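Okay, here's what each chain looks like letter by letter:
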Amino acid sequence: MNADAHPLVVRARKLAADLLLPEAERVDQEGVPAGHVEAVKRSGLLGVVAPVEYGGSGAPAAVLRETAEVLSGACCSTRFVQTQHHTPVQTLARSGLPVRERLLGPLARGELLSGVAYAHLRSFPRVPVRVRRRQGGWRFEGTVPWYTGWGLNDVMLLAGVTDADQALFAFAEARDQPGLTASPPMRLAALTAARTVSLELDGLWLPDDAVALRTPHARWAAGDRARTLNAGPAVFGVAEAALSLLDEATAGPLRARLADVRRRAYALADDPAPHERAAERLAVRAEAYQVLGTATTAAVVAGGGRAMALTSRAQRLAREALFLLVQGQTTESRRAHLAALSGA
């Protein structure tokens, strides 16, 4: 089945049209409401790639990308909260540890929403979160600089590095508790609505049966690098939303450019050798950002002075584009993007 016609994509479009898009400017200023989260849970979109035997849909990656584009173009803040969920689901689907049987079903069926706290692993050999063995479990110490969805998520997949340089991922309840304290929500230039905080870990203890993954950091980093080389679907969703605000004479050439870079980006994402052609992947990623920036800039220009109002869709999309420039950024991707911008 063509991903465009998949029932989950149809469902994502309905959710976007009926709820997310009409409320997007208000959500941008006031925050993602619990009602949006409940609607996403009911939609089945949290189980897009989850195994069918656990209540998910087991859909291919193309369907996950298409639903992500639709949600991003409608309300990037809601999509950003929702997208965190897929990493815990995929981690559990590959895990052979006891936590799989406890949590994969509820996560796949949308009964629980999970966040993630692992981007700090990319700082290695600096270790913002250290994990040490303690009394039949693991003790977490340090600071998680960014955690999205606080107050909306039920659980989180939390990561740290052991003294043996292993990356250890374990599930915790997403709430203040002994050893875990959240900061006030951050005020950001974009996606403040997604409720991002930092987390202070002062001896948070999690039992062995909360652990979902334990692997050498180098092995985890190799897999993470493959993911961060490619352009993500939110880039194309926000760009397409910006183009929808333009007349066809302006949008047409930009839409053709967007379709071309999207096709190449997804062909690379589907390549069975994800670690190869790194330079090409980073170049396509940078090109996708260039089209995104042009599309959102054009929407602001077309909107004129009205685009400066916080109620303006063009202005919101332009700020969301700025956010996407640094989401999932690594030293390698930053260097390649800056080189593309400077013409080096």
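Residues numbered from 1 in each chain as written. Predicted model: local features only at pLDDT ≥ 70, side-chain atom pairs only at ≥ 80, totals over all residues. Heavy atoms only, no water.

Asker: Explain the nonpolar core here, please?
Answerer: Note that soluble globular proteins tend to have their nonpolar side chains buried in a common cluster. Judged by nonpolar contacts, the single largest core of 65 residues is most densely connected at Val48, Phe236 and Leu292. Ranked by the residues each element gives to this core, the list is headed by helix H10 (residues 278-303), at nine residues. In contact with Leu292, other than residues within four places in its own chain, are Val235, Val238, Ala239, Ala321 and Leu324. Listed in part, the 23 residues of the second largest apolar core include Met156, Ala172, Leu204 and Val211. (Core = buried A, V, L, I, M, F, W, Y, C linked by side-chain atoms within 4.5 Å. Buried < 20%, exposed > 50% of the residue type's maximum accessible area, 1.4 Å probe, protein only. Helix = DSSP H or I, 4+ residues; strand = E, 2+ residues; numbered from the N terminus. Contact = heavy atoms within 4.5 Å.)

Asker: Looking at this model, I keep getting lost on the pairing of strand S3 (residues 137-148). Mind explaining?
Answerer: One face of the sheet, then the other: side chains in a regular strand alternate in exactly this way. Both strand S2 (residues 129-134) and S3 contribute to a ladder of six bridges, which runs antiparallel. Its bridge partner lying in S3, Arg130 is registered against Glu141. The antiparallel hairpin formed by S2 and S3 contains two residues in its connecting segment, where Gln135 sits at a positive phi of about 50°. Where S3 and strand S7 (residues 196-207) come together, 10 bridges link them in antiparallel fashion. Within the sheet, the bridge partner assigned to Thr148 lies in S7 and is Thr196. (Pairing = 2+ DSSP bridges.)

Asker: Explain the packing of aromatic side chains here, please?
Answerer: For any pair of aromatic rings, the description rests on two quantities: the centre-to-centre distance and the angle between the ring planes. Per the counting criterion, the structure on display carries six aromatic pairs. Through a chain of ring-to-ring contacts, three or more aromatic side chains come together here, namely Tyr118, Phe169 and Trp220. Sitting above the plane of the Tyr266 ring, Arg65 keeps its charged end 4.3 Å from the centroid. (Phe/Tyr/Trp six-rings, centres within 6.5 Å; stacked < 30°, edge-to-face > 60°. Lys NZ or Arg CZ within 6 Å of the ring centre and 35° of its normal.)

Asker: Explanation requested: the environment of Leu157 in the structure shown.
Answerer: Residue placement: Leu157 occurs in strand S4 (residues 155-162). You can call Leu157 buried: its relative accessible area is 0%. As for Leu157 and Arg42, which are separated by 115 residues in sequence, their C-alpha atoms are 22 Å apart. Residue contacts for Leu157: discarding those within four places in its chain leaves Pro88, Thr91, Ser114, Gly115, Val116, Ala117, Phe169, Ala170, Phe171 and Ala212.

Asker: When you look at the pairing of S4 in this model, what are you seeing that I'm missing?
Answerer: Counted residue by residue, S4 has eight buried out of eight residues, so it is predominantly covered. In the sheet, strand S1 (residues 114-117) pairs with S4 via four bridges, with the strands oriented parallel. Bridging across to S4, Val116 finds its partner in Leu157. Bridging between S2 and S4 involves two bridges; their strand directions are parallel. Within S4, the position partnered with Val131 by the bridge is Thr162. Pairing analysis gives seven bridges linking S4 to strand S5 (residues 166-173), with the strands arranged antiparallel. Considered in S5, the bridge of Gly160 is made with Leu168. Taking the residues that link successive antiparallel strands as the turn, the S4-S5 hairpin has three residues, and the phi of Asp165 there is positive, at about 60°.

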